[in-house]
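Letter by letter, the chains look like this.
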Amino acid sequence: MNIPNHVAIIMDGNGRWAEERGLKRSEGHRNGGLALEKIALCAKEMGIKYLSVYAFSTDNFKRSKEEVDYLMNLLIKYFKDKLLTICKEDIKVVFSGRYNPLRNDVINAMESIKNTTKDNKKCTLNICLNYGGQEEIVDATLKIHYDLNNNILKEEDLTRDTFYHYLYADLPPIDLLIRTGKEHRLSNFMLYQLFYAEIYFTDVYFPDFLETKFKEAITYYQNKDRRFGNVKSN
Ligand code: IPE
Ligand code: IPE
Ligand code: MG
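Residues numbered from 1 in each chain as written. Chains lettered and ligands numbered in written order. Predicted model: local features only at pLDDT ≥ 70, side-chain atom pairs only at ≥ 80, totals over all residues. Heavy atoms only, no water.

A. Seen up close, the site of ligand 1. Around ligand 1, a shell composed of 13 residues is seen, among which D12, G15, R16, R25 and R63 lie nearest. Here an oxygen atom of ligand 1 and a backbone polar atom of G13 are 3.4 Å apart. At a separation of 2.9 Å, an oxygen atom of ligand 1 approaches a polar side-chain atom of R25. Computed on the free molecule, ligand 1 has an accessible area of 370 Å², of which 86% lies beneath the protein chains in the complex. Here ligand 1 occupies the largest pocket. In terms of residue count, the dominant contributor to the shell around ligand 1 is helix α1 (residues 14–19) (three residues). (Near = heavy atom within 4 Å. Polar contact = N/O pair within 3.5 Å; in protein donor to acceptor, adjacent residues only side chain to side chain. Areas by Shrake-Rupley, 256 points an atom, 1.4 Å probe, with all protein chains shown as cover. 1 Å grid on protein atoms, 1.4 Å probe; cavity = no way out; pocket = protein on both sides within 12 Å on 5 of 7 lines; lining within 4 Å. Sits in = over half its atoms within 2 Å of the grid points. Helix = DSSP H or I, 4+ residues; strand = E, 2+ residues; numbered from the N terminus.)

B. Geometry of the site of ligand 2. Neighbouring residues of ligand 2: I10, M11, D12, Y54, A55, F56, N60, R63, R179, R185 and S187. Residue D12 places a side-chain N or O atom 3.2 Å away from an oxygen atom belonging to ligand 2. Interatomic distance of 2.6 Å between a side-chain N/O atom of S187 and an oxygen atom of ligand 2. In isolation ligand 2 exposes 390 Å². Once the protein is present, 77% of that is buried. No other element matches strand β2 (residues 50–57), which puts three residues into the shell around ligand 2. Taken together, the residues that form the shell around ligand 2 break down as five nonpolar, two polar and four charged. (Nonpolar A, V, L, I, M, F, W, Y, C, P; charged D, E, K, R; others polar.)

C. Main features of empty space enclosed by the protein. Here the structure, examined in full by the defined rule, presents one cavity of 30 Å³ or more. Computed from the structure, the largest cavity encloses a volume of approximately 100 Å³. Residue lining of the largest cavity: L36, E37, A40, L41, Y78, K82, T85, I86, L125 and I127, and that is the complete set. For the lining of the largest cavity, the secondary structure elements donating two or more residues are α2 (25–46), α4 (83–88) and β4 (123–131). Considering every element that reaches the lining of the largest cavity, the biggest residue donor is α2, with four residues. Looking at the lining of the largest cavity residue by residue, the class counts come to seven nonpolar, one polar and two charged. (Points joined across faces, edges and corners; volume = space filled by probe spheres on them.)

D. Summary view of the environment of I10. By the element assignment, I10 lies in strand β1 (residues 6–10). The buried category is assigned to I10, whose relative accessible area is 4%. As a C-alpha pair, I10 and V68 span 58 residues in sequence and 18 Å in three-dimensional space. (Buried < 20%, exposed > 50% of the residue type's maximum accessible area, 1.4 Å probe, protein only.)

E. Structural detail: a nonpolar patch on the surface. A cluster of nonpolar side chains, namely L186, L191, I199 and F201, defines an oily patch on the protein surface of about 280 Å² accessible area. Considering the arrangement of structural elements, one finds F201 in strand β6 (residues 198–201). Of the residues examined, F201 reaches a relative accessible area of 32% and is grouped as partly exposed. (Patch = residues over 30% accessible without salt bridge, like charges linked within 9 Å, V, L, I, M, F, W, Y side chains within 5 Å. Salt bridge = Lys/Arg side-chain N within 4 Å of Asp/Glu carboxyl O.)

F. Molecular detail of unusual backbone geometry. Cis geometry marks the peptide bond from N100 to P101, where omega comes out at 5°. Looking at the element boundaries, P101 is found in the loop between β3 (91–96) and α5 (104–116). Unlike most non-glycine residues, N130 shows phi in positive territory, near 50°. Considering the arrangement of structural elements, one finds N130 in strand β4.

G. The packing of α2 against helix α3 (residues 65–81), seen in detail. Viewed as axis vectors pointing N to C, α2 and α3 meet at an angle of 30°, and their least axial separation amounts to 10 Å. On the basis of their axis angle, the class for α2 and α3 is roughly parallel. Crossing handedness for the pair α2 and α3: right-handed. Across the interface between the two elements, R25, S26, H29, R30, G33, L36 and E37 from α2 touch E67, Y70, L71, L74 and Y78 from α3. Along the lines of polarity and charge, the residues of the contact of α2 with α3 split into five nonpolar, three polar and four charged. (Axes fitted to C-alpha atoms, helices over the stretch in contact; angles between N-to-C directions. Parallel < 35°, antiparallel > 145°, perpendicular 65-115°, else oblique. Left-handed = near helix turned anticlockwise from the far one by under 90°. Contact = heavy atoms within 4.5 Å.)

H. Highlighting the packing of α2 against helix α7 (residues 211–222). Where α2 contacts α7, the two axes come as close as 10 Å, and the packing angle between them is 45°. Compared by their axis directions, α2 and α7 come out oblique. Viewed along their axes, α2 and α7 form a crossing whose handedness is right-handed. Of the residues in α7, those touching α2 at K38, I39, C42, A43 and M46 are E211, F214, K215 and I218.

Shape is all these values report; function is a separate question.
Now the structure itself:
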């Protein structure tokens, strides 16, 4: 019943999860990766067609070189190790974000998983990596400017719906946004696509956000009356 088409997750709280256990922040990231695998499979089983996850923001480059390097190496390893499962589960992986200034080995790993899974059909996993929502809108604006100048796009054909084609991944609007880890903010995540999203905040840190917790967020969504600016009919 009423399964959201596109769910997005700000996977926050990995560092605090680790610190509260006297562990290094990197352990939190590693466990966050394990949680993501479980959630992605659960989402697919529930019939969710699109899952967008915030893995690394453009602003996360402000962190220590040690943490950034750890995260990049973890992502490469993750894409390699999880490839078989992802293919078996018929999940297509796409990315949102800028390549620059990502390392070449990270870009190669991204390209490889993207190409290998491109014909998968059940669910699309959009990994936002070196991603910023404002950056995405700026980059879309530049592409639109180019297409208008070269008569590829007519001014009257640019609408709030066609604008999506210019975003990093041409995905539908987000129905449900989940943010784990206590904070109630967007942190520059998918600003355009979130326009009518229901928003679910939970104090649970991402490594503890497993299937049961994810299903609670879906139930929250299912109990919402979405009006899109209209009034309730009946
Ligand atoms: C989210 O967890 C993952 C990334 C930003 C890469 P954090 O690393 O932000 O964890 P906290 O918020 O410091 O606990
Ligand atoms: C958002 O979390 C980015 C990711 C989850 C990848 P942050 O931890 O970077 O956000 P702030 O700094 O708390 O706003
Ligand atoms: Mg954080």
